[in-house]
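Structure assessment
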Amino acid sequence: MSTEAAEAIAWLAPLPQLRLVPVRHHSPRCAHHLRALMREFKPSHVLIEGPGELDALLPALQHAQARPPLAAYLHATVAGGDGAHETNGSNGANGALEDDWRCRCYVPFAAFSPEWVALREAVRLRSHVRFIDLPYAARLAQATQLDYFACAPEPLLADEPSRRAPDVLAGLIQAGGCRDFDEWWDRHYESGNEDASPQAYFAGVLAFSQLLRERDEAAGGAGPDAEDRAREAHMAAQVREALAEGGRCLVVCGGFHVAGIVAGITAGLSAPERPAAAGQPIDVGVHLIPYTLQRLERASGYAAGMPMPGYYQGVWQALEQGASQPDAQAWPEMAACTVNGLRARGLPASLPDAAEAVRLAHGLAALRACHGGRAELLEALDSAVFKEHAQALRPQPMEPQTGQQIGQWLLDADDYGQLPPNAPAAPLLVDVQAFCLRHRLPVRPAAPVRKELDIYRSARHRRLSQGLHRLRYLGVPYAQCLAGPDFVAGTGLARVREVWTLGWQVETTVALTEAMRHGSSLQEAAVHRVLERLSQTADTEPAQRVLEVLVMGLDGIAQQVLDTVQAWMERSHDALALARATGCLALAYEARHALGGVGLARLLPLLRRCFAQACLRLPWLGEGDAVQQVQALDALADLHGMVCRAVPWADAGLFHDACAALHEAGAGSTPARVRGATAGILSMAGRWQIAQTDAALRAMLGLAQVDAAAMGEYLQGFVRVAKGWLLSHPPLLRLLSDGIAHWPQDTFLAGLPALRLAFAQLTRVELRQLAGRLAGLSGAATPPGAITLACVHLPSDKALAHSRALAAQVGRLLQPWGLS
């Protein structure tokens with residue numbers, strides 16, 4: 001035995017009644033050797049690295065019906081307004097409230113996680129279990145930045161060796177001829193350790209961990225930071241307390257922390273005093289949720305330790321069956337499952353391809369003089385199975401580019417874990433289930449049901465609709481709206497009934513538990529989510545929140561939302577955003593009684609101010625890309641519609657003055673579509689005489705030689721708001737027809753696409769009216785109505801011939817407009 005190995009073994013057993021077991025989280029080989037060591041050592045106390053709050057979940061975690069993957073979900077609200085916690089921005093870079101950080105984290109357990117194996121084996125050995133890491137509340141209280149726990153997609157507490165001493169790791173990876181740390185770890189600590197005893201295996205893991213810790217400190221790196229030292233001192237104090245109770249203690253922890261724990265035990269340190277959060281102590285909620293292996297996948301954005309957990313699930317199953325070479329034994333089934341997955345997607349693959357992949361994997365392992373592992377199987381699948389099909393297998397959102405990445409996707413299982421019957425239910429989950437039972441909605445997984453709601457006439461249906469909208473707003477997969485008025489999106493407003501499909505899923509339970517960080521009831525969670533979005537610096541259009549509050553029935557925060565909208569209006573200079581905000585507020589004002597909204601007495605004066613603010617900013621609408629021009633056109637049409645309806649908040653004079661200034665700004669600063677719309681608005685309102693409209697159209701026709709497309713875009717805007725007015729003024733139609741007819745061929749071809757888009761806005765009836773007007777302008781004897789009649793009544797061949805002649809004539813007349 002080498003000196004380093006003997007020293008490592010001594011570190012692992014500093015006392016006769018104590019064993020420290022360094023593990024990598026979610027390592028099947030660590031889990032396998034840990035189980036063997038526990039059966040040999042027979043500890044009376046099993047101490048596991050994990051936040052102290054997880055002790056409340058021990059009855060559920062150790063229940064016989066609990067089936068991984070599961071995750072402990074911890075959430076807390078931390079007051080940050082006193083400056084105790086720094087952030088990356090004044091309001092938090094990703095939308096956390098400045099004085100109310102809603103933090104959460106996950107502690108996942110897979111079947112092959114050493115912590116899970118320790119929990120299950122402790123039941124068999126009747127050992128007492130506790131989690132000994134620093135409580136989550138204390139970690140939040142000591143954190144100088146809360147962004148990770150409040151803003152990361154799925155923050156985890158698990159340590160990851162590849163984050164420590166990167167220079168040392170880079171040297172080990174290069175010396176081993178590996179591509180990354182995970183492949184190096186597989187070679188040395190997973191597939192390459194079939195014959196190692198538990199003591200020798202964990203001595204090797206500790207030696208590696210010590211190397212990272214010592215080299216990082218020697219190189220001037222961070223080494224154990226303040227949080228690491230606090231955690232190690234706390235864990236050491238917990239171990240000393242367990243030792244004082246008598247019996248044998250086994251400690252399962254990350255290898256990086258072994259030295260710190262041993263130092264704390266031998267020095268007799270106790271856990272240091274931990275500063276509490278400013279004000280009230282931090283109250284942490286902890287719940288158990290079903291999890292998936294896919295959420296453990298690092299490529300999905302979660303740094304949970306091991307990549308491709310579906311592969312290691314297969315290896316763990318082989319270890320459970322007593323395989324001496326679990327990787328090689330698991331390969332045939334993995335390759336067959338991959339082939340079946342390809343065939344299910346309609347791609348050619350066969351079992352001989354799977355057999356060839358397994359053969360190649362063994363050959364690669366022999367060529368590299370190593371025990372084959374994940375890397376060898378993936379390379380073999382890439383060569384023997386995926387071949388040229390890689391590009392056809394690009395699933396969203398990961399979009400893998402290589403066969404190896406596709407292999408990770410196909411081999412990853414996506415089944416949920418199973419909660420035991422004694423798992424405590426989250427208050428939000430209980431509240432939603434009570435809501436569903438009260439309205440006779442499904443609360444168990446089953447086929448989706450259809451529900452129609454008369455939200456205008458039935459108060460009960462309106463309350464149900466508000467609850468379903470709250471669930472949708474929180475992102476809970478339960479209710480899908482198939483039809484009905486969507487006030488937030490501004491679509492389907494003519495409908496009077498909502499049509500929903502409702503179905504409870506496993507994901508529903510998970511999402512409701514995770515949404516606990518927003519509140520313990522459906523209303524409270526929706527309120528806090530709205531306020532969180534209002535606090536976001538990127539929320540440039542808070543007026544939409546007024547509609548969200550209305551459809552969800554959150555009248556209690558209406559005044560708070562309107563305050564935010566008013567503050568935003570005072571500092572906003574974006575004409576397009578102000579116009580859209582006016583539309584949102586107008587929709588809320590007109591729908592408030594139908595939806596039972598109260599507390600919106602301030603809405604009308606605020607709406608008047610928003611409309612005036614938008615009009616004052618219209619002359620600075622400016623240039624933009626095609627999408628922005630379409631949005632500007634829609635905004636102008638929306639404001640024009642308010643003026644035409646003579647709504648109480650619309651100042652017609654102010655709006656028309658703004659349109660005149662916008663048109664006079666000229667083509668250099670205003671898009672042709674927008675100028676055309678303002679011309680149509682001014683013409684319809686009588687602010688322009690026919691002569692002014694005639695002059696504007698002539699000016700655009702005169703620019704055709706320079707920019708033929710601009711004329712078509714100008715007409716797009718004009719027709720968008722004033723197509724009926726244009727059809728009722730034959731002299732202008734004559735002007736346009738004659739002008740376009742005299743365009744040179746090159747000019748006509750350049751302007752044709754824009755002309756088509758302009759007149760594509762006309763309905764079929766309006767097109768017939770246009771054709772009739774043009775036929776009358778050309779001096780044809782047939783009255784305009786005869787065109788329609790001739791197309792419908794065909795009593796004889798003579799009438800048919802006459803109809804064809806009229807159609808040809810109309811075609812010639814419409815050709816210059818791009819409508820033939």
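This write-up is about the structure you can find in this document. (Residues numbered from 1 in each chain as written. Predicted model: local features only at pLDDT ≥ 70, side-chain atom pairs only at ≥ 80, totals over all residues. Heavy atoms only, no water.)

Here we come to the overall build of the protein chain. Looking only at helices and strands, the protein chain features 34 helices and ten strands. Taking the contacts inside the protein chain whose residues are at least 6 apart along the sequence as the reference set, 76% of them involve residues at least 24 apart. Carbon and sulfur atoms form 52% of the exposed surface of the protein chain, whose accessible area is close to 34900 Å². (Helix = DSSP H or I, 4+ residues; strand = E, 2+ residues; numbered from the N terminus. Contact = heavy atoms within 4.5 Å. Areas by Shrake-Rupley, 256 points an atom, 1.4 Å probe, with all protein chains shown as cover.)

Time to look at the side chain of Arg24. Mapped onto the secondary structure, Arg24 falls in the loop between strand E1 (18-23) and helix H2 (28-41). Engagement of the side chain of Arg24 in a polar contact is seen with the side chain of Asp182, the distance being 3.1 Å. (Polar contact = N/O pair within 3.5 Å; in protein donor to acceptor, adjacent residues only side chain to side chain.)

Another point: the pattern of salt bridges. Pairing is possible between side chains that carry opposite charge, provided their charged atoms lie close to one another. Tallied over the full model, the rule gives 33 salt bridges. A salt bridge links Glu245 to Arg130, with the shortest nitrogen-to-oxygen separation between them at 3.1 Å. Here Arg130 lies in strand E5 (residues 128-133) and Glu245 lies in the loop between helix H10 (226-244) and strand E6 (249-254), a separation of 115 residues in the sequence. Overall, the relative accessible area of 46% leaves Glu245 in the partly exposed class. Residues joined by salt bridges that share partners form a network here, namely Arg179, Glu183, Arg187, Arg368, Glu376 and Glu379. (Salt bridge = Lys/Arg side-chain N within 4 Å of Asp/Glu carboxyl O. Buried < 20%, exposed > 50% of the residue type's maximum accessible area, 1.4 Å probe, protein only.)

Looking now at helix H13 (residues 326-344). In this model, H13 (19 residues) spans 27 Å end to end at C-alpha, consistent with the 27 Å of a helix rising 1.5 Å per residue. A maximum bend of about 30° is found in H13 at Pro332. Of the residues making up H13, those classed as buried are Pro326, Asp327, Ala330, Trp331, Met334, Ala335, Thr338, Val339, Gly341 and Leu342. Of the residues flanking the end of H13, it is Gly346, one or two places downstream, whose phi is positive at about 80°. (Expected span 1.5 Å × (residues − 1). Bend = angle between axes of the 7 residues up to and from the residue.)

Turning our eyes to something else, we now look at helix H7 (residues 166-175). Taken as a whole, H7 has its buried residues at Val168, Leu169 and Ile173. The arc that holds every buried residue of H7, seen down its axis, measures 135°, which confines them to one face. Turned more than 90 degrees off the buried face of H7, the exposed positions are Asp167, Gln174 and Ala175. Positioned one or two residues after H7, Gly177 has a phi angle of 65°, which is positive. (Arc of directions from axis to C-beta.)

So, on to the sheet that holds strand E10 (residues 498-502). With antiparallel pairing, the three strands of this open sheet are ordered in space as E8-E10-E9. Both outer strands of the open sheet, strand E8 (449-453) and strand E9 (479-483), are each paired with one neighbouring strand and no more. The mean inter-strand angle of the sheet, taken between neighbouring strand axes irrespective of direction, is 30°. The sheet contact formed by E9 and E10 spans four bridges and is antiparallel. (Pairing = 2+ DSSP bridges. Axes fitted to C-alpha atoms, helices over the stretch in contact; angles between N-to-C directions.)

The next point concerns the packing of helix H24 (residues 603-617) against helix H26 (residues 652-664). A pair of packed helices can be characterised by two numbers: the angle between their axes and the separation between those axes. As a packed pair, H24 and H26 sit with axes 8 Å apart at the nearest point and diverge in direction by 20°. Our classification of the angle between H24 and H26 gives roughly parallel. The element H24 and its partner H26 pack so that their crossing is left-handed. Note on element contacts: H26 touches H24 through Leu654, Phe655 and Ala658, opposite Phe611, Ala612, Cys615 and Leu616. Residue composition of the contact of H24 with H26, grouped by class: seven nonpolar, no polar and no charged. (Parallel < 35°, antiparallel > 145°, perpendicular 65-115°, else oblique. Left-handed = near helix turned anticlockwise from the far one by under 90°. Nonpolar A, V, L, I, M, F, W, Y, C, P; charged D, E, K, R; others polar.)

The next thing to look at is the sheet that holds E5. Taken in spatial order, the four strands make up an open sheet running E1-E6-E2-E5, and their pairing is parallel. Each edge of the open sheet is held by one strand with a lone partner, namely E1 and E5. In this sheet, neighbouring strand axes are inclined to one another by 25° on average, regardless of whether the strands run parallel or antiparallel. Its contacts with the sheet put helix H4 (residues 114-125) on E1, strand E2 (45-51), E5 and E6, and the angle it makes with E2 is roughly 145°. Relative to the sheet, helix H11 (residues 258-266) contacts E1 and E6, its axis offset from that of E1 by approximately 160°.

With that out of the way, let us pick up the packing of aromatic side chains. Throughout the structure, instances matching the rule amount to 18 aromatic pairs. Taken together, a centroid distance of 6.1 Å and an interplanar angle of 50° make the contact between Phe718 and Trp725 tilted. Grouped by ring-pair contacts, the aromatic residues Phe181, Trp184, Trp185, Tyr189, Tyr201, Phe202 and Phe208 constitute a single cluster. Directly above the ring of Phe256 sits Arg213, whose terminal nitrogen or CZ lies 5.2 Å from the centroid. Above the plane of the ring of Phe41 lies Arg248, whose end atom (NZ or CZ) is 5.1 Å from the centre. (Phe/Tyr/Trp six-rings, centres within 6.5 Å; stacked < 30°, edge-to-face > 60°. Lys NZ or Arg CZ within 6 Å of the ring centre and 35° of its normal.)

As a packed pair, helix H29 (residues 708-727) and helix H31 (residues 745-759) sit with axes 7 Å apart at the nearest point and diverge in direction by 10°. What the angle tells us is that H29 and H31 run roughly parallel. Read as a crossing pair, H29 and H31 show a hand that is right-handed. Two secondary-structure elements touch here, H29 through Ala708, Ala709, Gly712, Glu713, Leu715, Gln716 and Val719 and H31 through Thr747, Ala750, Gly751, Ala754, Leu755, Leu757, Ala758 and Phe759. Here the contact of H29 with H31 is built from residues that sort into ten nonpolar, four polar and one charged.

This part is about the nonpolar core. Counting residues in each nonpolar core, the largest one holds 123 residues, and the members touching the most others are Leu468, Tyr478, Val530, Leu585, Phe611, Trp649 and Phe655. Per-element accounting of this core gives the leading share, 13 residues, to helix H23 (residues 575-591). Val530 has contacts with Tyr473, Val549, Met552, Leu554, Ile557 and Val561, leaving out every residue within four places of it along the chain. Membership of the second largest hydrophobic core comes to 82 residues, among which are Leu34, Leu47, Val107 and Val252. (Core = buried A, V, L, I, M, F, W, Y, C linked by side-chain atoms within 4.5 Å.)

We now examine the pairing of E1. With five of six residues buried, E1 lies mostly within the body of the structure. Where E1 meets E6, six bridges bridge the pair, whose relative direction is parallel. When the bridges of E6 are listed, Leu20 appears paired with Val251.

Moving on, we get to the state of the cysteines. All chains considered together, the criterion is met by zero disulfides. In this model Cys584 remains outside any disulfide bridge; the closest cysteine sulfur is found in Cys610, 9.0 Å from its own. Residue Cys584 is classed as buried on the basis of its relative accessible area of 15%. (Disulfide = S-S within 2.5 Å.)

Pro68 connects to Pro69 through a cis peptide bond whose omega is 10°. Take Pro69: it is sitting in the loop between helix H3 (58-61) and strand E3 (70-78). If you check the backbone angles, Lys42 has positive phi at about 50° while not being a glycine. When you line up the elements, Lys42 lands in the loop between H2 and E2.

Treat this as a map of the structure, not an account of what it does.
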